[in-house]
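Spelled out from the first residue to the last, the chains are:
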Amino acid sequence: MKNFKSLALMFAFVLVLGVLAACGSSGEESDGEGNGSESASEESSSEGSESEGSEGSASGSIVVGGSSAMQPLAAAAAEKFMEENPEAQINVQGGGSGTGLSEVARGNFDIGNADYFAESKEDINADELVDHKVAVVGMTAAAHPEVGVDNLSKKDLKAIFTGEITNWSEVGGADQEIVLVNRPDGSGTRATFNKFGLDGETPAEGITEDSSNRVKKIIAETKGAVGYLAFSYFTDESVNPLNIDGVEATDENVQSGEFPIWAYEHSYTKGEPEGLEKEFLDYMMSDEIQNNLVPEQGYISSTKMEVERDAEGNESEK
């Protein structure tokens, strides 16, 4: 009897050891699977974070200002950029090219837009600025729709803006006194028009407006008025763009070098751009903007130009 009880106790002891061993083995395998699953989850989470960070990750705030001729393009690009990057804030201002260059040189603008080279502004140290030619803008004389003129010779264009011709009837138009609408000194549009439209001659006194939007409004509302605007402002029939020497004011004629009045749209930074400045300028030069938004806004992609100009205004084939 004693032998039977001893055998029973021994059997029970062995059985307990076996169960404990099995549980230990099962626990180790379970822990191993848990660790493996946790690693995969962490890796997946890490990949997800990287994926999210790769799109719409730009952040911060910058001020972009200057050229009013370039303002519609800069504003439209900034709007699209901010839609794709909700944490970024880009404040686009006007003020004219002179303001753009002065304020970026002082550090008040992160990006200063201008219709002319910084080298042409005497009080600017162009060596401190980095030029980014983001587009090209064509410009021409813009007249009230009822002046009765669609084309001017270069000679007559200069005579009108220097005050030698004072009535539209003298160039085949209506018997209407000519009212000149100018931009102020420091305006890139004025500098470009004077240099390439008037061959450097100084225009006569007239109405002076600080922005291209105001110039367009004054011309549209004033009989006999004539001024000058970038092609991007000819979005309706409220003002009439004039051809020069029989050459139509079109993007194609600017690209080929046939139409003379055009300028680069420069975005200047003080030193090499970094952070949000660089991200926005890279965006401006992307295919999406250059091939779509630039022409949609009435500008010409700089990559499509068949001619180029240097800071002195010398033109050559690309």
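Refer to the structure above for everything that follows.
Residues numbered from 1 in each chain as written. Predicted model: local features only at pLDDT ≥ 70, side-chain atom pairs only at ≥ 80, totals over all residues. Heavy atoms only, no water.

Enquirer: Sorry, what's going on with helix α4 (residues 154-161) here?
Expert: By the burial criterion, the buried members of α4 are K154, L157, A159, I160 and F161. Buried-residue contacts for α4 involve β4 (129-143), β5 (151-152), β6 (179-182), α5 (188-197), β8 (225-230) and β10 (243-244). After α4 finishes, the residue G163 shows a positive phi value of roughly 90°. (Buried < 20%, exposed > 50% of the residue type's maximum accessible area, 1.4 Å probe, protein only. Helix = DSSP H or I, 4+ residues; strand = E, 2+ residues; numbered from the N terminus. Contact = heavy atoms within 4.5 Å.)

Enquirer: Sorry, what's going on with the environment of G271 here?
Expert: By secondary structure assignment, the location of G271 is in the loop between β11 (262-270) and α8 (275-284). The exposure class of G271 is partly exposed, given its relative accessible area of 23%. Separated by 144 residues in the primary sequence, G271 and D127 have C-alpha atoms spaced 8.9 Å apart. Residues in contact with G271, not counting those within four places in the same chain, are E128, L129 and V130.

Enquirer: Which parts of the structure should I look at to understand the packing of α4 against α5?
Expert: How two helices sit against one another is set out by the angle between their axes and by the gap between those axes. In contact at an axis separation of 11 Å, α4 and α5 are set at 130° when each is read in the N-to-C sense. Considering their axes alone, α4 and α5 lie oblique with respect to each other. Contacts from K154, L157, K158 and F161 of α4 reach α5 at F193, F196 and G197. (Axes fitted to C-alpha atoms, helices over the stretch in contact; angles between N-to-C directions. Parallel < 35°, antiparallel > 145°, perpendicular 65-115°, else oblique.)

Enquirer: Mind showing me how you'd approach the environment of T162 here?
Expert: If you trace the backbone, T162 turns up in the loop between α4 and β6. As for T162 and L198, which are separated by 36 residues in sequence, their C-alpha atoms are 8.7 Å apart. What T162 contacts, discounting residues up to four positions off in sequence, is E201, T202 and A204. In terms of polar contacts, T162 uses its side chain to reach the backbone carbonyl oxygen of K158, at 2.6 Å. (Polar contact = N/O pair within 3.5 Å; in protein donor to acceptor, adjacent residues only side chain to side chain.)

Enquirer: Would you explain the packing of helix α2 (residues 71-84) against α8 in this entry?
Expert: Interaxial distance between α2 and α8 falls to 10 Å at its minimum, and their mutual angle equals 110°. Judged by the inter-axis angle, α2 sits roughly perpendicular to α8. Every pair of crossing elements has a handedness; the one defined by α2 and α8 is right-handed. Contact with α2, carried on its side by L73, A74, A77, A78, K80, F81 and E84, involves L276, E279, F280, Y283 and M284 of α8 and no other residues of that element. Its residues assigned to classes, the contact of α2 with α8 shows nine nonpolar, no polar and three charged. (Left-handed = near helix turned anticlockwise from the far one by under 90°. Nonpolar A, V, L, I, M, F, W, Y, C, P; charged D, E, K, R; others polar.)

Enquirer: Would you mind showing me how to read unusual backbone geometry here?
Expert: Only a minority of non-glycine residues have a phi that is not negative, and only a minority of peptide bonds are not trans. The backbone phi angle of D199 is positive, close to 55°, even though this residue is not glycine. The phi dihedral of D245 is positive, around 55°, even though this residue is not glycine. Here D245 is to be found in the loop between β10 and α7 (251-256). Exposure remark for D245: the relative accessible area of 48% places this residue in the partly exposed category.

Enquirer: Looking at this model, I keep getting lost on the pattern of salt bridges. Mind explaining?
Expert: A side chain of one charge can pair with a side chain of the opposite charge when the charged atoms of the two come close. Applying the stated criterion across every chain, the model contains 12 salt bridges. Of the charged contacts, one joins E288 and K80 as a salt bridge, the two residues approaching to 3.7 Å between their closest N and O atoms. In this pair, E288 sits in helix α9 (residues 287-296) while K80 sits in helix α2, placing the two residues 208 residues apart along the sequence. The class for K80 is partly exposed, based on a relative accessible area of 29%. Between E103 and R106 there is a salt bridge, with the nearest N and O atoms lying 2.6 Å from each other. One end of the pair, E103, and the other, R106, are both in helix α3 (residues 97-106), three residues apart, so they sit about a helical turn from each other. Using a relative accessible area of 58% as the deciding quantity, one classes R106 as exposed. Salt bridges linked by common partners bring K154, K158 and D199 together as one network. (Salt bridge = Lys/Arg side-chain N within 4 Å of Asp/Glu carboxyl O.)

Enquirer: In this structure, what is going on with the pairing of strand β1 (residues 60-66)? I would like to understand it.
Expert: Here is the key point about a regular strand: its side chains alternate between the two faces of the sheet. Of the pairings in the sheet, the one linking β1 to strand β2 (residues 88-95) comprises six bridges and is parallel in character. When the sheet's bridge partners are listed, I62 is paired in β2 with I90. The pairing of β1 with strand β3 (residues 111-114) spans three bridges and is classified as parallel. Counted as the bridge partner of V64 is I111 from β3. (Pairing = 2+ DSSP bridges.)

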